[in-house]
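Residues per chain, in single letters:
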Amino acid sequence: MIDRPSAAGEPLKLILPDGAVREVAPGTLPRDVVAGIGPRLLNAAVAVEVDGEVQDLTTPLRRGGKFRVLTEKDPRALDVLRHSTAHILATAVRRLRPDAQIGFGPAIEDGFYYDFGVKEPFTPDDLATFEAEMRKVVAEKYPFVREEVDRREAKKRFADDPLKLERIDDLGADEIISTYTDGPFIDLCRGPHVPDTGRAQHFKLTHTAGAYWRGDEKRPMLQRIYGTAWFSKADLDAYLHRLEEAKRRDHRTLGAALDLYSTDQRVGPGLILWHPKGAIVRNEIETYEKDLILRHGYELVYTPHVVSEKLFEISGHLQSFKENMFGAMEVEGAAYRPKPMNCPGHICIFESRQRSYRDLPIRYAEFGTVYRYERSGVLHGMLRVRGFTQDDAHVFCTQDQIEGEIARLLDLVDEMLRTFGYPYTIELSTRPEKALGSEERWTWAQDLLAGVLNARGQQFTIDEGGGAFYGPKLDFKLIDAIGRKWQGPTVQLDFNLPERFNLEYIGDDNARHRPFMLHRVLVGSMERFVGGLVEHYAGAFPVWLAPEQVRVLPISDDARDAAAAATAKLKAAGLRASLDDRNETLNYRVRDGEVMKVPYLAVIGKREAEQGTVAVRARGAAGKKQDIVPLDEFIARVVREKETRAL
């Protein structure tokens, strides 16, 4: 299904990458245009890009613009392959389960899924069977045949599938209804697709999960099958290796093994209990960040966890964010809610006294715990929770100060992320559907953010519609050790909340003016950031973050006193050191220290006790090599790593 053209009859002008222009009649198939360029290119073509939009080779051209052929080398072609592989999956499932109802089957990041209505959940054996059947569909090289049909014909074709009938009823009167057929399978779909099923050679079904129809928990539960598809076996193998590595690094498994955190149903789902070792990691991050932001001109503030609902009426959260807020509680006849955001409280602090232009910019920062309702089905360890601590900050400034403050924030973010060893990308997130303020103000704000990035030579991409309801933002995506992206810092330009709260300052003209607000987080959610760090480091924290930095191991009883003295000396130097003198073999204790990912094991035997040395085993050292080092030299080395936050 695609939008109908705005005009018909006039020739379409296609601008090729080399600047050449071709005029074609509306309705011309892209494959005919590609064939006119060259038969070899047609054989290599996966799809085309017309005026920035991807369509397949059999969807009639209805607009002109820049025309580009997508081959397997183009990243955008992967989505086409994956969507087509989802149809191949559905073809296989319907062959083996003719009664399965068909939901949606889109491409997603790194893969695809398809939803099915079946009586019994799928099993791992089912996935293996479906995958074998998919290979048969691929071998048969069915072409993906596109047809455009009217609403009546569409309902006739899908009369036995209520999920598709519901989707047809949702279509607008002006939408073209299209179907795609590959062999025995027909689906209601807008495309695009690869030319035939034989293009999908390298794929794997990964797992299955329950999914409510159209994401509504009041609707039927469907069975969702996830998979991945790539143009080469090497890319598929590399991706599957990343999946295995991701399992090895899963913060939920490592969090339990390393005794960092837990959850408890008696406390409530999505609410994290920080254990002492996890609290050490969190405290080190907070201490570092507080020192960092104080150096960058911020002032620390604190605001309540529960506040009057009226505050969120003024801020607009009740209108635009209510479904993500916890319900109200009555206190002396008034409604109160756990806060989902810290910004209204910071605004109240700003409003507590009259402000002058000489006071600006004002930068308030808070490690404030907030509470947001998340459906139980999306909760995920520390990464998706209902209560979390944000390292929130808000900058109140004049319009002339905005660009300078954003530049300062970019420097701050860069310093922070380099400390943790994260490369990153930046996305400029633009106006969402539910937004406060005029389009003109949004355009101005978006252009301002883009201008600052461009002036710095900073590369970025656009996330259409991804902004907060009160303003556009910059989203920093962290790239972890195995190439995955995580949500990181955000910088948001807000021109709405100052209006809603009627914020003012006295300018140098002695008149009242409206300040602007910048919202920013560095780690964002402390819970999500630490969970991400566990996976980034595979639980092997650098020395400055490690809950236990050195473990001292006496070889025998006659070295116990020297080991205890060494432990005390390490602690006196400010290091987190422990003595493991349990009545176990040395190999057992060494293995335990390795499992707990302690950066340094300091072994002391009779010789080391006499000479004032330690046999140091560094975490991850090749061949389990031990270095004999004077104790004082070793202590200085670890202290230096800690103080410089070496990675």
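Quick summary incoming for the structure in this document. Bear in mind that the values here come from a model prediction, so they are computed numbers and not experimental data.

### Section: the sheet that holds strand β32 (residues 600-604)
Thought 1: Within the open sheet, the five strands sit side by side as β31-β30-β32-β33-β34. Their pairing is mixed. Edge strands, defined here as strands with exactly one partner in the open sheet, are β31 (577-579) and β34 (626-630). On average, each strand axis in the sheet is inclined to that of its neighbour by 30 degrees, with strand direction left out of account.
Thought 2: The pairing of strand β30 (residues 550-554) with β32 spans five bridges and is parallel. Bridge pairing in β32 links Arg551 to Leu601.
Thought 3: Taken strand by strand, helix α20 (residues 631-644) contacts β30, β32, β33 (613-618) and β34, and its axis lies near 105 degrees from that of β34.

### As for the sheet that holds strand β19 (residues 329-331)
Thought 1: Judged by pairing direction, the sheet is antiparallel, and its three strands sit side by side in the order β18-β20-β19 without closing on themselves. The open sheet has two free edges, formed respectively by β18 (306-308) and β19, since each of these has just one partner strand. Neighbouring strand axes in the sheet, compared pairwise and without regard to direction, differ in orientation by 45 degrees on average.
Thought 2: Two elements, β18 and strand β20 (residues 334-338), share three bridges in a ladder whose sense is antiparallel. Looking at the pairing, Val306 lines up with Pro338 of β20.

### Some points on the state of the cysteines
Thought 1: Enumeration over the complete set of coordinates arrives at zero disulfides.
Thought 2: The cysteine Cys397 is free of any disulfide, with Cys343 supplying the nearest cysteine sulfur at 15 Å.
Thought 3: Overall, the relative accessible area of 0% leaves Cys397 in the buried class.

### Here's the deal with the nonpolar core
Thought 1: Core analysis: the biggest nonpolar cluster contains 68 residues, and Ile285, Phe420, Leu474, Leu533, Phe541 and Leu545 have the highest contact counts within it.
Thought 2: Broken down by element, this core gets its largest block of residues, nine residues, from helix α13 (residues 402-420).
Thought 3: Excluding anything up to four places from it in sequence, Ile285 contacts Phe420, Val523, Met526, Phe529, Val530, Leu533 and Leu545.
Thought 4: Counting 39 residues, the second-largest nonpolar core is a separate cluster that includes Ala77, Tyr114, Phe122 and Tyr180.

### What about the packing of aromatic side chains?
Thought 1: Taken as a whole and judged by the stated rule, the model has 18 aromatic pairs.
Thought 2: Ring centres 5.5 Å apart and planes at 45 degrees place the aromatic pair Trp444 and Phe516 in the tilted group. Of the two residues, Trp444 is situated in helix α14 (residues 439-455) and Phe516 in strand β29 (residues 516-525); the sequence distance between them amounts to 72 residues.
Thought 3: Through a chain of ring-to-ring contacts, three or more aromatic side chains come together here, namely Tyr288, Phe420, Tyr422, Phe529 and Trp544.
Thought 4: The cationic tip of Arg520 hangs over the ring face of Tyr298; the distance from NZ or CZ to the ring centre is 4.9 Å.
Thought 5: Here Arg645 stacks its cationic end above the ring of Trp544, 5.2 Å away from the centre of that ring.

Quick notes on the rules
- Residues numbered from 1 in each chain as written.
- Predicted model: local features only at pLDDT ≥ 70, side-chain atom pairs only at ≥ 80, totals over all residues.
- Heavy atoms only, no water.
- Pairing = 2+ DSSP bridges.
- Helix = DSSP H or I, 4+ residues; strand = E, 2+ residues; numbered from the N terminus.
- Axes fitted to C-alpha atoms, helices over the stretch in contact; angles between N-to-C directions.
- Contact = heavy atoms within 4.5 Å.
- Disulfide = S-S within 2.5 Å.
- Buried < 20%, exposed > 50% of the residue type's maximum accessible area, 1.4 Å probe, protein only.
- Core = buried A, V, L, I, M, F, W, Y, C linked by side-chain atoms within 4.5 Å.
- Phe/Tyr/Trp six-rings, centres within 6.5 Å; stacked < 30°, edge-to-face > 60°.
- Lys NZ or Arg CZ within 6 Å of the ring centre and 35° of its normal.

Honestly, it's all geometry; don't read function into it.
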